[in-house]
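Structure at a glance
Residue strings, one per chain:
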Amino acid sequence: MVFYPSDWLYNASVIGLADAIADYFEESDVSFNGDGTITIADSFLSHLFKNLKEVKGDLPPKLPVSPSSRESANFASRIPLMAWLFLRRAADHIKEGNAFKKEREKMEATDLKDPLSVFNAIRPKYFFKDGPFVNAIGAGTKDVAARVAELFGFPEELEEYSLHCSFCGNSFRVPKEKRRLFIDNILVGYAGASAKEFPNAYWDFKPSTPICPACSVAIFFHIFALQQSPDRQFFFVNSPSFALSRELMRQMGIFSKKPDGVFFRNIVDRLTKIAAIQTGWGSMGIEIYRIVGDPPGKYQEVKVTKISHAIVDKLTASPSIGGYLRSINSTGLYEAFIAEDYGKLFQLLYLANKHNATGAKSSAIEIERLVGRTDFRAINAMAGCLPDLLYEGMGYGGEEMELKRIRSETREIFNSRAVRASQDGGEDRLLSSIGRIAYQLIEKTRLGNRLEANYLLTRTFTANGEPLPKSLWEIIATGSEEEFKLGVYAFIDTVAGILKETESQKVKEEGK
């Protein structure tokens with residue numbers, strides 16, 4: 001059977017199933033193809049749907065079965081091999097660290113050869129409250145073995161007519177048991193259709209999106225394709241190729257032990273680089289899906305960050321863009337840049353400059369609301385790096401940008417004035433004057449009022465016997481609205497840096 005890439009849940013399901021087969025059976029049973037598809041032999045899929053008792057003598061070394069009681073032997077005799085593959089993969093998934101400490105300790109004490117013991121050990125995490133399959137095998141289920149066989153087995157009784165599966169697109173004969181016919185929140189409650197939410201896969205509160213038996217089983221394996229971040233959110237990287245998605249997920253695993261901001265920063269860097277070098281696929285973009293919950297580690301909600309081909313190109317073609325993002329080191333800001341939410345980025349730039357100019361706590365609180373917890377170092381980095389990030393990210397310039405000339409000319413002016421002020425034994429009145437008008441200038445810039453901003457700057461410079469820096473005047477006079485704002489913000493940040501340096505120098509001299 002050939003599986004073609006589709007949406008994230010389907011892709012994660014197929015990768016999870018394919019990797020489980022390769023891990024517990026043989027790599028040759030699964031093929032990740034160069035065209036982005038996955039092939040699993042039909043004969044092998046049929047083998048997985050056979051009863052576990054029927055194939056007990058033909059199990060691979062990694063899937064031994066040894067029931068420890070009559071009850072367990074009865075359970076094992078009624079479930080398919082596919083169910084046992086899922087149970088063992090789930091047990092190992094928990095042992096690998098994808099669970100809370102108590103869940104891992106419970107799994108360590110479980111006999112992994114006993115199907116019923118393994119089922120009872122993994123059931124609370126995956127089939128009870130806040131688990132991904134909370135509606136599949138409820139606490140009130142009387143005949144658990146029958147329910148497991150129904151969920152993981154192949155329907156024995158089929159109708160004479162066929163439908164096309166909404167997941168894989170293949171034609172399949174409709175099972176007489178109609179509960180196995182449609183996608184619903186029994187299969188995956190947190191990411192699937194819900195009668196209580198709109199939009200959904202229901203019409204008149206009845207499921208109506210058909211799914212074939214193979215895909216309805218594969219969905220259970222999607223959790224094994226996910227990686228967990230340091231803050232216990234689960235991630236999946238979706239792309240137009242199964243092989244590319246699997247490689248991207250492996251790269252995510254490398255950074256799973258790093259702090260959250262560093263984790264997100266590194267995975268985006270690594271993902272975009274790999275996507276770009278994979279012939280053809282990088283130009284189609286990738287998506288990062290996060291499964292979030294309260295507390296973290298629960299399966300409750302799905303959020304997505306889409307990385308367009310344009311962003312992939314920018315991140316790979318421009319080392320400086322990556323450098324600015326690394327300097328700021330904010331997950332929320334990273335996501336805003338990747339989503340090309342320039343409105344939010346300009347708002348952050350305004351707030352960072354306002355915070356640095358006035359020390360207003362309200363600005364820091366608003367920044368935290370927009371991008372999450374942010375320290376003073378990150379706010380300073382936003383004020384310093386965001387103008388350049390936006391200038392280059394929006395396509396205004398390369399290495400020799402107008403903003404660099406503005407900063408350079410501004411420093412030259414104030415450095416020469418600092419020398420004269422030192423010789424005269426006084427202070428630079430222009431520097432202190434700019435500090436006093438900084439808040440007004442920030443507000444006029446935010447509103448896009450370039451005439452008043454230009455008047456305020458020109459008046460202040462002229463009153464102190466200096467011409468306005470040429471590059472700053474040019475960008476105010478002839479630049480677009482975005483260039484005007486970025487130019488003035490870059491100037492304000494440069495002056496703020498000079499003011500801090502001057503104050504630090506004073507403190508040092510007073511301490512001598």
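The present account deals with the structure reproduced in this document. Along each chain, the written sequence defines residue order, and numbers are assigned to residues from 1. Thresholds applied to this predicted model are a pLDDT of at least 70 for local features of residues and 80 or more for the giving and counting of side-chain atom pairs; totals over whole chains, interfaces and linings are not thresholded and use all residues. The side-chain quantities take in all heavy atoms of the structure and omit both hydrogens and water.

1. What about the overall build of the protein chain?
Cut-off, in case you're wondering: In DSSP terms, a helix is any run of H or I states spanning at least four residues, a strand is any run of E spanning at least two, and both are numbered starting from the N terminus. Each residue gets one of three labels from its accessible area relative to the maximum for its type: buried under 20%, exposed over 50%, partly exposed in between, using a 1.4 Å probe on protein chains only. The contact definition used throughout considers only heavy atoms, calling two residues in contact when any of these lie within 4.5 Å. Here the accessible surface of atoms and residues is derived via Shrake-Rupley with a 1.4 Å probe, and residues count as covered only by protein chains that are part of the display.
Along the backbone of the protein chain there are 21 helices and 11 strands. Of all 512 residues assigned to the protein chain, the portion counted as buried reaches 52%. Within the protein chain, residue pairs in contact and separated by at least 24 positions form 65% of the contacts whose partners lie at least 6 positions apart. When the accessible area of the protein chain is evaluated, it comes to approximately 23500 Å², of which 50% is carbon and sulfur surface.

2. A word on the environment of Glu481
As for its position among the elements, Glu481 is in helix H21 (residues 481-510). Residue class for Glu481 comes out partly exposed when judged on its relative accessible area of 42%. Between the C-alpha atoms of Glu481 and Thr445, which are 36 residues apart in sequence, the distance is 9.4 Å. Residues within four places of Glu481 in sequence aside, it is in contact with Gly448 and Arg450.

3. A closer look at the sheet that holds strand E2 (residues 30-32)
The cut-off we apply is this: Note on pairing: DSSP must find at least two bridges between two strands before they are called paired. Simply put, an axis is a line fit to the C-alpha atoms, just over the touching stretch for a helix, and the angle between two N-to-C directions goes from 0 to 180 degrees.
In space, the three strands of this open sheet follow the order E1-E3-E2, with antiparallel pairing throughout. The open sheet has two edge strands with one neighbour each: strand E1 (2-3) and E2. Examined bridge by bridge, E2 and strand E3 (residues 38-40) share three bridges and lie antiparallel to one another. The residue of E3 that forms the bridge with Phe32 is Ile38. Packing of helix H1 (residues 8-24) onto the sheet brings it into contact with E1, E2 and E3, and relative to E2 it is tilted by some 130 degrees.

4. Focus on the packing of helix H16 (residues 376-393) against H21
Keep this limit in mind: Note on terminology: angles under 35 degrees are roughly parallel, angles over 145 are roughly antiparallel, angles of 65 to 115 are roughly perpendicular, and the others are oblique. For a crossing to be left-handed, the near helix must be turned anticlockwise from the far one by less than a right angle; the clockwise case is right-handed. Amino acid classes used here: Ala, Val, Leu, Ile, Met, Phe, Trp, Tyr, Cys and Pro are nonpolar; Asp, Glu, Lys and Arg are charged; the rest, including Gly, are polar.
H21 packs onto H16 with a crossing angle of 150 degrees between their chain directions and a minimal axis gap of 9 Å. Relative to H21, the element H16 is oriented roughly antiparallel. Crossing of H16 against H21: the hand is left-handed. From H16, Asn380, Ala383, Gly384, Pro387, Leu390 and Tyr391 reach across to H21, where they touch Glu483, Leu486, Tyr489, Ala490, Asp493 and Lys500. Grouping the constituent residues of the contact of H16 with H21 by class yields seven nonpolar, two polar and three charged.

5. Let's talk about the sheet that holds strand E9 (residues 234-238)
Reading across from one edge, E8-E9-E10-E11 is the order of the four strands in this open sheet, with antiparallel pairing throughout. At either end of the open sheet lies a strand with only one pairing partner, and these are strand E8 (227-228) and strand E11 (301-307). Here E8 runs beside E9; their pairing, made up of two bridges, is antiparallel. Paired with Gln228 across the bridge in E9 is Phe234. Running at roughly 100 degrees to E9, H1 makes contact with E9, strand E10 (286-292) and E11 of the sheet.

6. Things to note about the pairing of strand E4 (residues 158-164)
Within a regular strand, side chains alternate between the sheet's two faces. Sheet analysis places E4 next to strand E5 (residues 171-175), joined by four bridges and oriented antiparallel. Across the sheet, residue Leu158 finds its bridge partner in E5, namely Pro175. Taken together, E4 and the strand that follows it, E5, pair antiparallel across an intervening segment of six residues, in which Gly169 is found at a positive phi of about 85 degrees.

7. Things to note about the packing of aromatic side chains
Stated precisely, the cut-off is as follows: Ring pairs are drawn from Phe, Tyr and Trp, using the six-membered ring of Trp, whenever the two centres fall within 6.5 Å, and their geometry is named by plane angle: stacked under 30 degrees, edge-to-face over 60, tilted for the rest.
Per the stated rule, a full pass over the model turns up 19 aromatic pairs. Taking 6.2 Å as the distance between ring centres and 65 degrees as the angle between the ring planes, the aromatic pair formed by Phe86 and Phe127 counts as edge-to-face. Separated by 41 residues along the polypeptide, Phe86 in helix H4 (residues 81-95) and Phe127 in helix H6 (residues 115-127) bring together distant segments of the chain. Exposure class is identical for Phe86 and Phe127. Each is buried.

8. Concerning the environment of Gly465
One can find Gly465 in the loop between helix H19 (450-463) and helix H20 (470-478). Classification of Gly465 as exposed rests on a relative accessible area of 63%.

9. Let's talk about the nonpolar core
Worth spelling out the cut-off: Nine residue types can take part in a nonpolar core, namely buried Ala, Val, Leu, Ile, Met, Phe, Trp, Tyr and Cys, and a core is a set of them joined through side-chain atoms within 4.5 Å.
Core analysis: the largest hydrophobic core is formed by 151 residues, its most contacted members being Leu85, Phe86, Ile122, Phe221, Leu333, Leu386 and Phe491. Residue contributions to this core peak at 11 residues, all from H1. Sequence-distant contacts of Leu386, defined by excluding residues within four places in its chain, comprise Ile328, Leu333, Leu345, Leu348, Leu349 and Ala381.

10. Describing the pairing of E10
Most of E10 sits out of view: seven of its seven residues are buried. Across the two faces of E10 the burial is the same, with Ile286, Ile288, Arg290 and Val292 and Glu287, Tyr289 and Ile291 all buried. By the bridge criterion, five bridges tie E9 to E10 in an arrangement that is antiparallel. In the sheet register, Asn238 faces E10, and the bridge partner there is Glu287. Pairing of E10 with E11 involves seven bridges; the strand directions are antiparallel. The partner of Ile286 across the bridge, within E11, is Ile307.

11. A closer look at the pattern of salt bridges
The line we're drawing: Here, a salt bridge means any side-chain nitrogen of Lys or Arg that lies within 4 Å of a carboxyl oxygen of Asp or Glu.
Scanning the entire structure with this criterion turns up 17 salt bridges. Among the ionic pairs, Arg446 bridges to Glu443, the shortest N-O distance being 3.0 Å. Taken together, the residues Arg446 and Glu443, both in helix H18 (residues 429-446) and three residues apart, mark about one turn of the helix. Through salt bridges with shared partners, a single ionic network connects Arg417, Arg420, Asp428 and Glu466.

12. So, helix H7 (residues 144-152)
Burial analysis of H7 places seven of its nine residues in the buried class, the great majority of the element. When H7 is considered as a whole, its buried residues turn out to be Val144, Ala145, Arg147, Val148, Glu150, Leu151 and Phe152.

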